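Fold and contact review
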Amino acid sequence: MLIQVHNLVKNFVNDEIVTKVLNGLTFNIGSGEFVAIMGPSGSGKSTLMHILGLLDRATIGKYYLLGKDVTKLNDDELADLRNQKIGFVFQSFNLLPRTTVLENVILPLTYAKRKVEPMARAKEVLESVGLGHRLNYYTNQISGGEKQRVAIARALVNDPAVIFADEPTGNLDSKSGVQIMEILQELNNQGRTIILVTHETYTSEHAKRIIKIKDGLIVDDYEVTQRRIARDGVRLK
Amino acid sequence: MLEFCRQCIKVSTKALLANKGRSFLTMLGIIIGVAAVIIIMAVGAGAQSLIINQVKSLGTDIIGILPGASEAEGPPATVMGIVITTLTYEDALALNDKKNVPNVVDAVAYYKGLGTVSWGSNSYDTNLSGSTVGYLTVENGEVNQGRFFTKEEEVNLAKVVVLGSTVRKELFGESDPIGQKVKIKKQNFEVIGVMKERGTVAFQNNDDQVFIPLRTMQKLVAGVSHVSMMRLKIDNQANTIRAMEDIKIVLRERHEINDQSGANDDFTVRSSAQALEMITVITNALKFFLAAMAALSLLVGGIGIMNIMLMSVTERTREIGLRKAVGASNRNIMSQFLMEAISITLTGGIIGIIIGSIISVLISIGARLLGYNWDLVVSPFSIFLALTVSVAVGLIFGLYPARKASRLQPIEALRHE
């Protein structure tokens, strides 16, 4: 099992006022799944993603990633796991300013201990998302859809076990949004686990399974029967 | 690791170039500080060598004997204008005897005063130096024209005089002074020689004086029987201490002083080697004091860097968050920001060294134009020091911001607006 979560609780403490965000979640996600975590804003879905993505720690509860109890790991071990096993795609792209497309994709490799030829690997991944012609463009010279594809390439470059996509189409026009969803679906078809966080029902229906969250609790967890397939002609190579 | 370092340097230069104006202003503090340290060290060393060379030119194998007791570190008693008459011509003769002071090469005794020298209608106020023949050996005096007086003339109260070059020029102009009679205190003296021009040595004009045999000066000009100073040349600087002890023993015996501790001495013995040592210590202290003052500006520059780095950490919180999200450890972030701080200070340091060296060269050229024998000393040590200090400043003042950056929680950093 890729992800096993048991009774996950997250409280934020601010000026001694405790805000309960996650109130005891229990679920599993297997390898190769395409899960949409859905819920209105303030439901705790982003917090859940951050904990699953090892960017934040749970207050109480168990979280096993690839069978490993990550609640017991220190900051460096978490950084290493993020580097090797997890890829992120954010709503606001989070590319480094004043750097080229290629440099952004190389970034995770510079923190990796494993030896690969960074240049060749980054080019390979960028070509697979159809950006082979943009390698030396600066990130402020490309469109929003292209930026998000750079982010996907960056997420893929270390060949992670799971990709977290946090509202990946939120800042994009609908055409670019379709392209991104198509790439994510294609990646899933190739066997990659995708966890998508969104508040839109339409977007969530691109996944195979939907976990609905409200007020920090799972209110629904079901297989998508009428799955949407994004098609825009941008094909993964 | 190599790739990581390369990336680090690339990232930090990029960050610095992105804010050229700001980086330069931040650097300015370091540039000025380092340049100031380099200049002060160079000018200090130049001035020090100038002073030391002046003192050295008087000879480091010289022992001076002054009348009256004085503290080892204090000024001689005669400086206060007190006339002390304890030293005599006979003391000088005794000291200039290898049986008494085995290391002595030669000795000179002085009685100096001021007086008017006249020739025909010309007259000139100058220093009258009653001295012994030993002057030539001890002070490296050289005669330009004619001759210096002899031992016989010294003993026999001969009325002869040797002119310093300035005096010769003032009294005689272009005429030949040898054999002429000059008047000092209404007595006629025969000019037998003119000294070679020596210039100002150790801040003393050696050309504006006339030499009269000591005994003649004492008996016929000044009417005294003591000497104001004696100077002994010894065979080797290494024997200074021994010779000084010998001199003290001889003088105590002659002056009937039984206390060998020195408490009742009526004379003071000093060596030029000691003086040189003292001057070196003093000028060193001055030099490092000034350099320390200059280094203060490095401290101020360092605080400027800390300030900018803290700003940079705040501005780039999201970047830090992202780097952590893709796997940067706390150590990675820390080294990135440290590297940035060090690039600022190191670049500033190098620019400062270049500017400081150029200014030091200009100063030494200026000093040479003004006629000083000025050595250019931008020492490798001061460059090494400046580089080390620059890196250290970057490391020290970059540490706090870098630590702050590395400790950001990834999710808080990513959320930062």
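To keep things clear, this report deals only with the structure shown in the data block. (Residues numbered from 1 in each chain as written. Chains lettered and ligands numbered in written order. Predicted model: local features only at pLDDT ≥ 70, side-chain atom pairs only at ≥ 80, totals over all residues. Heavy atoms only, no water.)

A word on the sheet that holds strand 8 (residues 193–198) of chain A
Remark on secondary structure: sheet strands pair via backbone hydrogen bonds, oriented parallel or antiparallel. Residue and element names in this part refer to chain A. What the 6 strands build is an open sheet, ordered 6-7-8-3-9-10; its pairing is mixed. Looking along the sheet, the strands with just one partner apiece sit at the ends: strand 6 (86–89) and strand 10 (217–223). Direction aside, neighbouring strands of the sheet carry axes that sit 15° apart on average. Bridge count for strand 6 against strand 7 (residues 162–166) is 4 bridges, and the pairing is parallel. What sits directly across from V89, in strand 7, is A165. (Pairing = 2+ DSSP bridges. Helix = DSSP H or I, 4+ residues; strand = E, 2+ residues; numbered from the N terminus. Axes fitted to C-alpha atoms, helices over the stretch in contact; angles between N-to-C directions.)

Regarding helix 5 (residues 144–156) of chain A
Residue and element names in this part refer to chain A. An ideal rise of 1.5 Å per residue puts 18 Å on 13 residues; helix 5 measures up with 18 Å between its terminal C-alpha atoms. Taken across its 13 residues, helix 5 has 11 buried, putting it largely inside the fold. Every buried residue of helix 5 is accounted for by G145, E146, Q148, R149, V150, A151, I152, A153, R154, A155 and L156. (Expected span 1.5 Å × (residues − 1). Buried < 20%, exposed > 50% of the residue type's maximum accessible area, 1.4 Å probe, protein only.)

Quick notes on the pairing of strand 4 (residues 60–65) of chain A
For a regular strand, side chains alternate in direction, first toward one face of the sheet and then toward the other. Residues and elements named next belong to chain A. Judged from the 5 bridges that link them, strand 1 (residues 3–14) and strand 4 form a sheet pairing that is antiparallel. In the sheet register, V9 faces strand 4, and the bridge partner there is I60. The antiparallel pairing of strand 4 with strand 5 (residues 68–69) creates a hairpin that spans 2 residues between the two strands, and L66 there sits at a positive phi of about 55°.

A short note on the packing of aromatic side chains
All names here are of chain B. Overall, the coordinates contain 8 aromatic pairs over all chains when judged by the stated rule. Ring centres 6.4 Å apart and planes at 80° place the aromatic pair Y110 and Y135 in the edge-to-face group. On the criterion of sequence distance, the pair formed by Y110 in strand 2 (residues 104–119) and Y135 in helix 4 (residues 135–138) is long-range, its members being 25 residues apart. Neither Y110 nor Y135 differs from the other in exposure class; each is buried. Measuring from centroid to centroid gives 4.3 Å for W119 and F172, while their planes differ by 40°, and the two rings are tilted. You can see W119 sitting in strand 2 and its partner F172 sitting in helix 6 (residues 165–172), a full 53 residues away along the chain. Relative accessible area serves as the criterion here: at 23%, W119 is assigned to the partly exposed category. (Phe/Tyr/Trp six-rings, centres within 6.5 Å; stacked < 30°, edge-to-face > 60°.)

Digging into the packing of helix 2 (residues 20–56) of chain B against helix 9 (residues 272–315) of chain B
As a packed pair, helix 2 of chain B and helix 9 of chain B sit with axes 8 Å apart at the nearest point and diverge in direction by 175°. Between helix 2 of chain B and helix 9 of chain B, the angle is such that the two are roughly antiparallel. (Parallel < 35°, antiparallel > 145°, perpendicular 65-115°, else oblique.)

Section: the nonpolar core
Counting 67 residues, the largest nonpolar core has A:I3, A:L48, A:L52, A:Y63 and A:F164 as its most contacted members. Looking at this core element by element, the count peaks at 7 residues for helix 2 of chain B. Dropping the residues within four chain positions of it, A:I3 is found in contact with A:F27, A:N28, A:I29, A:L52, A:Y63, A:Y64, A:L65, A:F164 and A:I195. In this structure, B:A109, B:I212, B:L232 and B:V269 belong to the second largest nonpolar core, which totals 41 residues. (Core = buried A, V, L, I, M, F, W, Y, C linked by side-chain atoms within 4.5 Å. Contact = heavy atoms within 4.5 Å.)

Any functional reading would require information beyond the geometric quantities listed.
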